[in-house]
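# Architecture at a glance
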Amino acid sequence: VQLQASGGGSVQAGESLKLSCATSGIIWSVFSSARMGWYRQAPGQQRELVAELTRGGSANYLESVKGRFTISKSNAKRAVWLQMNSLVPEDTAVYYCNVDSDSGDYWGQGTQVTVSS
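Residues numbered from 1 in each chain as written. Predicted model: local features only at pLDDT ≥ 70, side-chain atom pairs only at ≥ 80, totals over all residues. Heavy atoms only, no water.

### Topic: the pairing of strand E11 (residues 111-116)
The alternating pattern of E11 places Thr111, Val113 and Val115 on a buried face and Gln112, Thr114 and Ser116 on a face that is not buried. Sheet topology note: the strand E2 (residues 9-12)/E11 ladder contains 4 bridges and is parallel. Within the sheet, the bridge partner assigned to Val11 lies in E11 and is Val115. (Buried < 20%, exposed > 50% of the residue type's maximum accessible area, 1.4 Å probe, protein only. Helix = DSSP H or I, 4+ residues; strand = E, 2+ residues; numbered from the N terminus. Pairing = 2+ DSSP bridges.)

If you want it as structure tokens, here you go:
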């Protein structure tokens, strides 16, 4: 199973980005029942959970991104997205996608998001 994260970039505060996480090598039934997550890690800081879709389909968010970020997925495409609006400099980090499934716990390679004021 491979995860490919993309969509990062350098933006000004207030702008938006949409991160994508494409998967390969994972069957539909495993993907559709998995927990999905987007994490981020800023320099010198620990990796933190930004958003998740639980196995039951509930979305949970880091308090600081609530109302600005939206996580979504497509079982048909076996892909996960993170829509990020009203970005602030504190959102600057490397963002990682995660698929926690019955067949294993998988991570993408990370995509850099840089927000300047």
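### Let's talk about the nonpolar core
Grouped together as the largest cluster of nonpolar side chains are 30 residues, with contacts concentrated most on Trp38, Phe69, Leu82, Met84 and Tyr95. Among the elements that take part in this core, strand E9 (residues 93-101) stands out by supplying 4 residues, more than any other. (Core = buried A, V, L, I, M, F, W, Y, C linked by side-chain atoms within 4.5 Å.)

### Some thoughts on unusual backbone geometry
One non-glycine residue, Arg78, lies in the positive phi region at around 55°. Assignment of secondary structure puts Arg78 in the loop between strand E7 (69-74) and strand E8 (79-84). Of note, the phi angle at Ser86 is positive, near 50°, even though the residue is not glycine. Within the secondary structure, Ser86 sits in the loop between E8 and E9.

### What about the sheet that holds E7?
Reading across from one edge, E1-E3-E8-E7 is the order of the 4 strands in this open sheet, with antiparallel pairing throughout. Each edge of the open sheet is held by one strand with a lone partner, namely strand E1 (2-6) and E7. Looking at each pair of strands side by side, their axes are set apart by 15° on average, direction ignored. Relative to strand E3 (residues 17-24), E1 runs antiparallel, the two sharing 5 bridges. Note that in E3 the partner of Leu3 across the bridge is Thr23. (Axes fitted to C-alpha atoms, helices over the stretch in contact; angles between N-to-C directions.)

### Overview of the pattern of salt bridges
Opposite charge on two side chains makes pairing possible when the charged atoms of those side chains draw close. A complete count under the given rule lists 6 salt bridges for this structure. For Arg35, the salt bridge goes to Glu52, with nearest N and O atoms at 2.6 Å. Of the two residues, Arg35 is situated in strand E4 (residues 35-41) and Glu52 in strand E5 (residues 48-53); the sequence distance between them amounts to 17 residues. Each member of the pair Arg35 and Glu52 is classed as buried. Shared partners join several salt bridges into a network, and the residues in it are Arg40, Glu48, Arg68 and Asp91. (Salt bridge = Lys/Arg side-chain N within 4 Å of Asp/Glu carboxyl O.)

### Some points on the environment of Asn85
Relative to the assigned elements, Asn85 resides in the loop between E8 and E9. With relative accessibility at 30%, the residue Asn85 sits in the partly exposed group. Distance from Asn85 to Val65, taken between C-alpha atoms, is 9.1 Å for residues 20 residues apart in sequence. Leave out the neighbours within four places in its chain, and Asn85 touches Glu15, Ser16, Arg68 and Phe69. Of the polar contacts made by the side chain of Asn85, one reaches the side chain of Ser16; its length is 2.9 Å. (Contact = heavy atoms within 4.5 Å. Polar contact = N/O pair within 3.5 Å; in protein donor to acceptor, adjacent residues only side chain to side chain.)

### With respect to the side chain of Ser74
With respect to the secondary-structure elements, Ser74 resides in strand E7. Residue classification places Ser74 among the buried residues on the basis of a relative accessible area of 17%. In this view, Ser74 contacts Phe31, Ala79 and Trp81; residues no more than four positions away in its chain are not counted.

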